[in-house]
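The residues making up each chain are set out below.
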Amino acid sequence: MLYQSTRDPSHKKYTSAQVIKMGLAPDGGLFLPETIPTLTAEEIRTLCGDSYPVRAAKVLGKFLTDYTYEELLSDCREAYKEASFPGGAAPLVHVHDALYTLELWHGPTAAFKDMALQIMPRLLSRALVKTGETREALILVATSGDTGKAALEGYRDVDRVRIMVFYPVDGVSRVQKLQMTTQTGSNVQVCAIHGNFDDAQTGVKKIFSDPEMAAKLDSRGFVLSSANSINWGRLAPQIVYYVSAYCDLLSTGAIRQGEAMDVCVPTGNFGNIFAAYIARLMGLPIRHLVCASNQNNVLTDFLATGTYNRNRAFHLTMSPSMDILISSNLERLLCLAAGEERTAGYMESLKNTGAYTVDDDVLRDIRRIFSGYFAGENLTAATINEYFESYGYLADTHTAVGLACAGQYRESLPAGDNTPLVVASTASPYKFAADVFTALTDGTELPHDPLSALDQLAERTGTEIPYPLRDLRGRQVRFTEVISPKDMPEKVLSFCEKA
Ligand SMILES: *Cc1c(COP(=O)(O)O)cnc(C)c1O
């Protein structure tokens, strides 16, 4: 299996190990497999009897052909070992009628990014060997909160990799800050910067594009790499849990072999929902994909009109991981629907004008499978309340956006349509405890402070704080430094002095 860029009509090929090491294609495009492998009905039947790590190794094996099955299985067993949980690493929960949630947050940071970031570092470590790389990889991350912690936890103590995370000193929540500054591991570094997320992001991008930095790092034995969500190494592991959810529906008798499910995904960068689309292309019986957005509904508009326009107000919402105006992974869908040449044109227009309009045939093809809905702040809060009161299901703010949109989608279906609808649940409610608590009380009670909100939520709902978020107050803070963005390169170099 080889890969090619979404912007390269000449189809230059790369191996899976190269793709994972490089992250982004040299022309600025994203990597896609040259063909989509298939998953037969017989294979799906067999997967039903397998554990999550085995399901993951078998599905990944179809895409990552530079890796042996034994390597993948060993990595998946390590990555998904927390899955002592019933249902494995990604349990499917029946909420009511034909509605299910696929809980993707039982990993070490209680957020769905763990599903990819627990396995990708291991794949990168092997990719260095497979591509004959003699240097160590240095991962640089600018984070507004969630990705930083998931990446730190994923790369902690991984062979031949160091990771450094920059976050805006006043731009992350108290819980997120504590999660990062108490990070353990011998190859990690966390640094706050004066400024906002964009300052952190700009600082990291500058380092990535500075040839002098590359040379200095090279002389210290390091090559830069990224943990960004456009890396195929993050996307491929996300295909697995949709296959796994289908197997679980089969195993419980909710559907029979060959019957379809619908999938609804709270979406930001379009990575998670695109993984579901790949699963569908492989042959998994997914009927329809529902793209759920918050008030930043650029994708809802795109799916309704064919025009993607990022020139609009940016809203800070209670589902911050979906506060995004450029959904990078949409480029992969465009490439499959419109081809490389037209995609390169759309992306050029996005860069120059902040907008593009796809051709009618492209929109028609996409809309056959995707529809977009959005939920504003009031509807999101009301949904959290409704699901807890009516079904005893406690959803986080992002999952609530998904549930609200799933409701709108169901209303569009003919009466009596009982196709199972699986909503991706992307974070533990405790990650956003203050907003969830406030929603449950209809805003009549506010938490004392962000950390107390966890205890208050546990008390009010009779649910348990997940282990990654317990005892945050008592942990030892290791990283306290706050620097100016201009000092980032120096900080990176000193982290890369030979030990
Ligand atoms: C990252 C994230 C999302 C959005 O996922 P994409 O793959 O970027 O669309 C949704 N919810 C949570 C909690 C996230 O962390």
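See the structure above.
Residues numbered from 1 in each chain as written. Predicted model: local features only at pLDDT ≥ 70, side-chain atom pairs only at ≥ 80, totals over all residues. Heavy atoms only, no water.

Draft legend 1. Up close: the pairing of strand S4 (residues 99-103). Burial of S4 is extensive: 5 of the 5 residues sit out of reach of the surface. Of the two faces of S4, both are covered, the one formed by Leu99, Thr101 and Glu103 as well as the one formed by Tyr100 and Leu102. Adjacent in sequence and paired antiparallel, strand S3 (residues 92-96) and S4 are bridged by 2 residues, among which aspartate 97 carries a positive phi angle near 40°. Pairing between S4 and strand S14 (residues 421-425): 5 bridges, direction parallel. In the sheet register, leucine 102 faces S14, and the bridge partner there is alanine 424. (Buried < 20%, exposed > 50% of the residue type's maximum accessible area, 1.4 Å probe, protein only. Helix = DSSP H or I, 4+ residues; strand = E, 2+ residues; numbered from the N terminus. Pairing = 2+ DSSP bridges.)

Draft legend 2. Geometry of the packing of aromatic side chains. Scanning the model with the defined rule gives 13 aromatic pairs in all. Plain terms: the ring middles of tyrosine 277 and phenylalanine 370 are 5.3 Å apart, the flat faces sit at 50° to each other, and that makes the pair tilted. Linking tyrosine 277 in helix H12 (residues 271-282) with phenylalanine 370 in strand S13 (residues 370-374), this pair joins segments that are 93 residues apart in sequence. Using a relative accessible area of 11% as the deciding quantity, one classes tyrosine 277 as buried. In this structure phenylalanine 370 comes out as buried when scored by relative accessible area, which is 1%. Judged by centre distance (6.3 Å) and plane angle (65°), the rings of phenylalanine 302 and tyrosine 356 are edge-to-face. With phenylalanine 302 in helix H13 (residues 298-305) and tyrosine 356 in strand S12 (residues 355-357), the pair connects residues that are 54 residues apart, well separated along the chain. The class for tyrosine 356 is buried, based on a relative accessible area of 5%. (Phe/Tyr/Trp six-rings, centres within 6.5 Å; stacked < 30°, edge-to-face > 60°.)

Draft legend 3. Molecular detail of the sheet that holds S13. With respect to topology, 6 strands assemble into an open sheet ordered S3-S4-S14-S9-S10-S13, the strand pairing being mixed. The strands lining the two open edges of the sheet, one partner per strand, are S3 and S13. Put simply, the sheet's adjacent strands are angled 25° from each other on average, direction ignored. By the bridge criterion, 5 bridges tie strand S10 (residues 286-293) to S13 in an arrangement that is parallel. Within the sheet, the bridge partner assigned to cysteine 291 lies in S13 and is glycine 372. Sheet contacts for helix H15 (residues 360-369): S10 and S13; angle to S13, the most-contacted strand, approximately 75°. (Axes fitted to C-alpha atoms, helices over the stretch in contact; angles between N-to-C directions. Contact = heavy atoms within 4.5 Å.)

Draft legend 4. Representation of the side chain of threonine 419. On the secondary structure map, threonine 419 appears in the loop between helix H17 (397-411) and S14. The class of threonine 419 is buried, set by a relative accessible area of 16%. In terms of polar contacts, threonine 419 uses its side chain to reach the side chain of aspartate 417, at 2.9 Å. Setting aside residues no more than four positions away along its own chain, threonine 419 makes contact with Ala98, Ala260, Met261, Asp262, Arg287 and Arg410. (Polar contact = N/O pair within 3.5 Å; in protein donor to acceptor, adjacent residues only side chain to side chain.)

Draft legend 5. Spotlight on the sheet that holds strand S7 (residues 188-193). The parallel open sheet is built from 5 strands, whose spatial order is S8-S5-S6-S7-S15. Either end of the sheet is taken by a strand with one partner, and the two such strands are strand S8 (222-225) and strand S15 (482-483). Here strand S6 (residues 161-168) pairs with S7 via 6 bridges, running parallel. From the neighbouring strand, isoleucine 163 faces S7, where its bridge partner is valine 188. Where helix H7 (residues 146-155) meets the sheet, its contacts fall on strand S5 (136-142), S6 and S7, and the angle it forms with S6 comes to roughly 165°.

The analysis is restricted to geometry; functional conclusions fall outside its scope.
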